[in-house]
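A closer look at the structure
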Amino acid sequence: MSHAWGPEKKLHWFLKQKSHRSYQADVLSRIEKIAQQRPSAIVAEYGRLTISPDRYPLFSITIGEPGNRKPNILITSGVHGYETSGVKGALQFLEHSAVPYSEYFNFLVAPCISPWSYETINRLNPVMENPNREFKAEGKAEESRLLIEHLQAVGWGFDGHLDLHETTDSDRVFLPEEYAKNGLVLSAEDVGIPDGYYLIGVKGHEKPALEKAIIEKVREVTHIAAPDGNGKILDIPISQEGVIHNSIPGLCGQYTSAVGRLGAFTTEMYPDSPRFKTLSPEAVESICSDSQVA
């Protein structure tokens, strides 16, 4: 064990970060088009990041009829900003699928919860907190707190929740960095990277039939991660093909009442699969986004 990073070292890390893509072009412009093309969509600003309020407004999009008897579904993405297909998959769902499915469900979608991390391609937020461990009382990540406050203000009881994520080869950089920040040691060689899509449910709240249905639908788009020689994915025994369950305090996908209702799940897509090496970046992006939509 080493020493946890202090303010000076965290500031040094922050000053090295650069923007590599545009939240405005990739996310906000698409939300604007959704609002224009879907008059029934309710676009709500629920906060702005302290680091640059004008640059990083936060939005949710509601499609459906709040207060009716249809199940309420929460879709979140961009909790880890570098996990691209979650953000683009949520937007693609809003653009092409949410309205037809609103015959059966009400949707609230938060497509990019951590926009600074999206632009700088980071797992952590500007003060080196992991938003996907801070969906809890006294959480330390502003991104998590703002969404919690928004969901409380909306007042829906959620029946289902999908939190869209990726596992990427860059985890071999980001996870050791996160461990080091907390005074722990993790080598890049010890970071497991499953080859394919897998689904994380909540331990003690297994939904075998629904989980199987999700996996079978995604299989139409991409391959499903195989377990290791011990029948595990990420050191967790699989419950069925492509499905594991855990219970970690502060995860976005375990925050709402959906856990005990239809279910709450974290999706994990793998954009760096060797199976994609002969494909163009555009084709890989399409597969990843389509998998999230599926």
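Residues numbered from 1 in each chain as written. Predicted model: local features only at pLDDT ≥ 70, side-chain atom pairs only at ≥ 80, totals over all residues. Heavy atoms only, no water.

Some words on the nonpolar core
Threshold: Definition of nonpolar core: a set of buried residues of the types Ala, Val, Leu, Ile, Met, Phe, Trp, Tyr and Cys, connected through side-chain atoms within 4.5 Å. Buried, partly exposed and exposed residues are distinguished by accessible area as a fraction of the type maximum, computed with a 1.4 Å probe on protein chains only: under 20%, between the cut-offs, and over 50%, respectively. To qualify as a helix, a DSSP run of H or I must reach at least 4 residues; to qualify as a strand, a run of E must reach at least 2; elements of each kind are numbered from the N terminus. Two residues form a contact once any of their heavy atoms are found within 4.5 Å.
The biggest cluster of nonpolar side chains holds 48 residues, and the ones touching the most others in it are Val 27 and Ile 75. Contributing elements (two or more residues each) for this core: helix H2 (23–37), strand E2 (57–63), strand E3 (72–77), helix H3 (84–96), strand E4 (106–110), helix H5 (115–120) and helix H6 (142–154). For Ile 75, the residues in contact, after removing those within four places along its chain, are Ala 90, Phe 93, Phe 107, Leu 108, Val 109, Ala 110, Leu 162 and Leu 164. In terms of nonpolar packing, the next biggest core, distinct from the first, is built from 13 residues, Tyr 197, Leu 199, Val 243 and Cys 288 among them.

Things to note about H2
Let me state the cut-off plainly: Helix span is expected to be 1.5 Å times the residue number reduced by one. N or O atoms closer than or at 3.5 Å make up a polar contact, with two conditions inside protein: a donor-capable atom paired with an acceptor-capable one, and, for residues adjacent in sequence, both atoms drawn from side chains.
Over its 15 residues, H2 extends 20 Å from the first C-alpha to the last, a length consistent with the 21 Å expected when each residue adds 1.5 Å. Buried residues of H2: Tyr 23, Val 27, Leu 28, Arg 30, Ile 31 and Ile 34, and no others. Among the structural elements, strand E1 (42–48), E2, H3 and H5 are those in contact with the buried residues of H2. The distance from a side-chain oxygen at the start of H2 to the backbone nitrogen of Gln 24 is 3.3 Å, and the residue carrying that oxygen is Ser 22.

A short note on the packing of H3 against helix H9 (residues 281–293)
What counts, and what does not: Axes here mean lines fitted to C-alpha atoms, for a helix over just the part in contact, with angles spanning 0 to 180 degrees between N-to-C directions. Helix crossings are classified by the rotation of the near helix relative to the far one: an anticlockwise turn of less than a right angle makes the crossing left-handed, while a clockwise turn makes it right-handed. Any residue that is not Ala, Val, Leu, Ile, Met, Phe, Trp, Tyr, Cys, Pro, Asp, Glu, Lys or Arg is counted as polar, Gly included; the first ten are nonpolar and the last four charged.
Where H3 contacts H9, the axes come no closer than 8 Å and their chain directions differ by 65 degrees. H3 and H9 meet at a crossing whose hand is right-handed. Of the residues in H9, those touching H3 at Ser 85, Gly 86, Lys 88, Gly 89, Gln 92 and Phe 93 are Glu 285, Cys 288, Ser 289, Asp 290, Gln 292 and Val 293. Per-class residue counts for the contact of H3 with H9 are 3 nonpolar, 6 polar and 3 charged.

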